[in-house]
Amino acid sequence: MSTIASAVSRMVTPVVGDTFDVERVRRDFPALLQSIDGKPLVYLDSAATTQKPDAVIEAVERFYREDNANIHRGVHRLSVRATDAYESARRKVARFVGASRPEEIVFVRGATEAINLVAQTFGRTHLGVGDEVLISHMEHHANIVPWQMLCEQTGAQLRVMPINDRGEIIIDEYERLLGPRTKLVSIAHVSNALGTINPVQGMIALAHARGIPVLVDGAQAVPHMKVDVRTLDADFYVFSGHKTFGPTGIGALYGRYELLDQLPPYQGGGDMITSVTFEKTTYAKAPQRFEAGTPHIAGAVGLGAAIDYLEAVGLQGITAYEHELLTYATEALSGLPEVHLVGTARDKAGVLSFTVDGAHPHDVGTILDQQGIAVRAGHHCAQPVMERFGVPATVRASLAFYNTREEIDVLVRGLRGVIEVFR
Amino acid sequence: MSETNDLYQEVILDHYKRPRNHGRLGDADCHAEGQNPLCGDHVTVYVKVKGGIVEEITFEGSGCAISTASASLMTETIKGKTLDEAKAFFRKFHAMVTGDEEVDGGDGLGKLTVFAGVCQYPARVKCATLVWHTLDAALDNRREPISTE
């Protein structure tokens, strides 16, 4: 690479050649540069929520300082700018996940609301007594409870595809469960509790061969790998902004347009209608039909900024770097005989769920916190998968591209301390 | 660990590793269950009362070091006390771990003062108090399971 090309490359992306410049990206995240009780923060809880780069924080602030107005209704300049900013964010999300048009993106509060939306619109119109929704044993509560509620409302049944001891879906069992009454498959792209990357493309093909649509919960995938909803051929794909380096309270539902536009409204209110009289209301087309009320405009703007940021850093480099870091961390934790990984899928994202002999996960979490290390301890909103592995809870260290090998070393030292305390 | 730990003191670790009065009390007069749905901890407290005095008290269940040690030390403390004294201990203990200065917390708590550090860890207060709420419910003979949420 020539000197000029390399300089340009450094300007637009920290990926120079094969080296991912983690120290450079860390400087973009102000919250990472702090100390906890005098110790540098080691943030290993990105699967719960990611930290935010300056670009996102500034975009949200700039929106409130300069462009704040309501959207889709004002003739004045601020409203025009706010509408542009909001719709531009929708275009960014659409391009980012590979949608064929921006109208396939519905802004929601997060992945949870997106799944509830599909359950209450698609589910209520396509499922009846005896029909089935098929999910996996590793789902987050957000991909379990909305379907249980739907089943109560419709008389449909929830079926669960089993997973093996590594935490992988048993594909033969999945195929066997795809039956004539299966009306929807809903699966995580990446498991938040185990880190398993599910082979969703192949699973979608198997479902589609039987005419069954598929929702993919991409909350843990979109921040870490290039997702293309059309390559996957997903019918619905959902993710959260706050796990994607954007603000809380914003997320997106992708729906294949022909499917999305035939669904009934989710909530009623302003901005989702074409006309209202007391006799009859006609609803707007998708996606407006699903966005009643004033949305989280600043959140959408912030999510757009997060996507710009991720694209500048480069998702390919991010995926490769995180994979390398996961390998390093897995080896490091495997060197501690008292530590047992839960979730050892062959295809895994940056999640390390584990137990420590003699120590309850909450105590591990507290002692690590005393060292400035932020991990999650608990059931990770995935109680059925905890039960599958016979543990009430685990400790979870989850990675993002701003984490370093040195931080993994700090985690290992912290765990040695935990083991010492509970020996 | 290189530094002294204000939370995981020796007494707490000892009671976690070797909990006292652990197990079911067959002839209990009252018992109650408590759970913390956030971490999956659950505990059952059994009490045998005679002449207004806690004659026997045991607990069953599994949890973290803080909740297990709290249960173990609670049973040691409460055994032989009157019901009013038991309630008073609960009030003082609660005040100490929540850092409530309105109530004169630490005084007269004896061994239980090892939990004084908990007030620096708001996320862990429920671990320390779960078993006390459960005892309170057992003494009131409540039927509904106690939940921290």
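Just above sits the structure.
Position labels on residues start from 1 in each chain and follow its written sequence. Chain letters start at A and ligand numbers start at 1, both assigned in the order the entries are written. Per-residue local features are limited, in this predicted model, to residues with pLDDT of at least 70; the limit for side-chain atom pairs, both in listing and counting, is 80 or more; totals at the level of whole chains, interfaces and linings are taken over all residues. Working from all heavy atoms in the structure, the side-chain values ignore hydrogens and water.

(A) Region of the structure containing the side chain of Asn143(A). All names here are of chain A. By the criteria applied, helices consist of DSSP H or I runs no shorter than four residues and strands consist of E runs no shorter than two, each listed in order from the N terminus. Its location among the elements puts Asn143 in the loop between β7 (132-136) and α6 (145-154). Categorising residues by exposure relies on relative accessible area from a 1.4 Å probe, with only protein chains included: less than 20% of the type maximum marks a residue as buried, more than 50% marks it as exposed, and the intermediate range marks it as partly exposed. Its relative accessible area of 0% is what places Asn143 among the buried residues. Contact criterion: two residues are considered in contact whenever any of their non-hydrogen atoms come within 4.5 Å of each other. Residues within four places of Asn143 in sequence aside, it is in contact with Ile115, Ile135, Ser186, Ile187, Ala188 and Asp217.

(B) Highlighting the sheet that holds strand β6 (residues 105-108) of chain A. All names here are of chain A. Strand order in the open sheet formed by seven strands is β6-β12-β11-β10-β9-β7-β8, and the pairing between neighbours is mixed. Two strands bound the open sheet, and with one partner strand each, they are β6 and β8 (157-161). Averaged over neighbouring strand pairs, the angle between their axes works out to 20° when direction is ignored. Paired strands, as defined in this entry, are two strands with at least two bridges between them according to DSSP. Sheet analysis places β6 next to strand β12 (residues 251-255), joined by four bridges and oriented antiparallel. Note on β12: the bridge partner recorded for Phe107 is Ala252. Sheet contacts for helix α8 (residues 200-208): β8, β9 (182-188) and β10 (214-217); angle to β10, the most-contacted strand, approximately 160°. For every element, the axis is a line fit to its C-alpha atoms; helices are fit only across the contacting stretch, and the angle between N-to-C directions ranges from 0 to 180 degrees.

(C) Expanded view of the interface of chain A and chain B. Each side of the interface is counted separately: chain A has 17 residues, and chain B has 19 residues. Salt bridges, as used here, are contacts in which a Lys or Arg side-chain nitrogen is within 4 Å of a carboxyl oxygen on Asp or Glu. Our count for the chain A to chain B interface comes out at one salt bridge. With its nearest N and O atoms 2.8 Å apart, the salt bridge here joins Asp363(A) to Arg124(B). Between N or O atoms, a polar contact is any pair within 3.5 Å; within protein, one atom must be a potential hydrogen donor and the other a potential acceptor, and residues adjacent in sequence are included only when both atoms are from side chains. Run the count over chain A and chain B and you get ten residue pairs in polar contact (both at pLDDT 80 or more). At the level of elements, α13 (361-370) and α15 (405-422) of chain A are the ones that each hand at least two residues to the side of chain A that touches chain B. Ten residues, namely Ala, Val, Leu, Ile, Met, Phe, Trp, Tyr, Cys and Pro, are considered nonpolar, four, namely Asp, Glu, Lys and Arg, are considered charged, and the remaining ones, Gly among them, are considered polar. Its residues assigned to classes, the side of chain A that touches chain B shows four nonpolar, nine polar and four charged.

(D) Geometry of unusual backbone geometry. Each neighbour pair has its own omega, and for Ala286(A) with Pro287(A) the value is 5°, a cis peptide bond. Tracing the backbone through its elements, the reader meets Pro287(A) in the loop between β14 (281-283) and α11 (297-313). At Asp37(A), a position not held by glycine, the phi torsion is positive, near 50°. For Asp37(A), the position within the fold is in the loop between β3 (35-36) and β4 (39-40). Of note, the phi angle at Asn21(B) is positive, near 50°, even though the residue is not glycine.

(E) Spotlight on the pairing of β12(A). Residue and element names in this part refer to chain A. Of all the five residues making up β12, five are buried; the element is thus mostly covered by neighbouring parts of the structure. Here β12 shows no split at all, with Gly251, Leu253 and Gly255 on one side and Ala252 and Tyr254 on the other all buried. As judged from the five bridges shared by strand β11 (residues 236-240) and β12, these two strands associate in the antiparallel manner. Paired with Phe239 across the strands is Ala252, a residue of β12.

(F) Geometry of the layout of surface pockets. Here the largest pocket defines a volume of roughly 510 Å³. As for the largest pocket, its lining consists of 21 residues, of which His362(A), Thr366(A), Ala377(A), Ala123(B) and Arg124(B) are closest to the centre. At the level of secondary structure, the elements contributing two or more residues to the lining of the largest pocket comprise α13, β17 (373-374) and β18 (376-378) of chain A together with α4 (125-139) of chain B. Take the lining of the largest pocket: its biggest share by element is four residues, from α13(A). Counted by class, the lining of the largest pocket contains ten nonpolar, six polar and five charged residues. Think of a 1 Å grid over the protein atoms and nothing else: a 1.4 Å probe that fits but is trapped marks a cavity, an open set flanked by protein within 12 Å on at least five of seven lines marks a pocket, and residues with an atom within 4 Å of a point count as lining. Along the walls of the second largest pocket sit 25 residues, with Thr112(A), His140(A), Ala142(A), Ser240(A) and Lys243(A) positioned nearest its centre. The greatest single-element share of the lining of the second largest pocket, amounting to three residues, is contributed by helix α5 (residues 111-126) of chain A. A breakdown of the residues in the lining of the second largest pocket according to their chemical character gives nine nonpolar, ten polar and six charged. Grid points are joined across faces, edges and corners, and a volume is the space filled by probe spheres set on the points.

(G) Molecular detail of empty space enclosed by the protein. On inspection of all chains with the given rule, the structure shows two cavities of 30 Å³ or more. Estimated volume of the largest cavity: approximately 90 Å³. For the largest cavity, the lining is made up of 13 residues, of which His42(B), Val43(B), Ser67(B), Thr68(B) and Ala71(B) are closest to its centre. For the lining of the largest cavity, the elements supplying multiple residues, two or more each, are β2 (41-50), β3 (53-62), α2 (65-78) and α4 of chain B. In the lining of the largest cavity, the residues fall into six nonpolar, six polar and one charged. If you add up the space inside the second largest cavity, you get close to 40 Å³. Lining the second largest cavity we find Ala47(A), Gln220(A), His224(A), Ala349(A), Gly350(A), Val351(A), Ser398(A) and Leu399(A). Broken down by class, the residue content of the lining of the second largest cavity amounts to four nonpolar, four polar and no charged.

Distances and angles like these do not, on their own, reveal function.
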